[in-house]
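Secondary and tertiary structure notes
Each chain, written out:
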Amino acid sequence: MPATNHDALTWGEIARVVAIGAQIQRRKARGKGVARLERQAEEIVAKAEARENARRTK
């Protein structure tokens, strides 16, 4: 179930994306690559949007 009516993410998915965002910021501060983490966060959001679109279409 989505966290809000305006968002496809559940609370657990929001927590994972925020945690990944924190990791991204720490790695950027150290000058390390973040592409893998950014892809991970984008995949979480894409899966949530696809799930909610499928649910709305039923």
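Residues numbered from 1 in each chain as written. Predicted model: local features only at pLDDT ≥ 70, side-chain atom pairs only at ≥ 80, totals over all residues. Heavy atoms only, no water.

1. A short note on the pattern of salt bridges
Just so we agree on the cut-off: In what follows, salt bridge is the name for a side-chain nitrogen of Lys or Arg lying within 4 Å of a carboxyl oxygen of Asp or Glu. Each helix is a run of DSSP H or I of at least 4 residues and each strand a run of E of at least 2, with the numbering of both proceeding from the N terminus. Only protein chains enter the accessibility calculation, which uses a 1.4 Å probe; a residue whose area is less than 20% of its type maximum is buried, one above 50% is exposed, and one in between is partly exposed.
Applying the stated criterion across every chain yields a total of three salt bridges. Put simply, Glu-52 and Arg-51 hold a salt bridge, and the shortest N to O gap is 3.5 Å. Arg-55 serves as the salt-bridge partner of Glu-52, at 2.8 Å between the closest nitrogen and oxygen. With Glu-52 and Arg-55 both in helix α2 (residues 35–57) and three residues apart, the pair spans about one turn of that helix. Residue Glu-52 is classed as buried on the basis of its relative accessible area, which comes to 2%.

2. Let's talk about the side chain of Glu-13
Formally: Think of a polar contact as two N or O atoms within 3.5 Å of one another; within protein, one of them needs to be a possible hydrogen donor and the other a possible acceptor, and neighboring residues in sequence only count if both atoms come from side chains. We call two residues in contact when some of their heavy atoms are within 4.5 Å.
Its place among the elements puts Glu-13 in helix α1 (residues 11–29). With relative accessibility at 9%, the residue Glu-13 sits in the buried group. A polar contact is formed between the side chain of Glu-13 and the side chain of Arg-51, at a distance of 2.8 Å. Residues in contact with Glu-13, not counting those within four places in the same chain, are Ala-8, Ile-44, Ala-48 and Arg-51.

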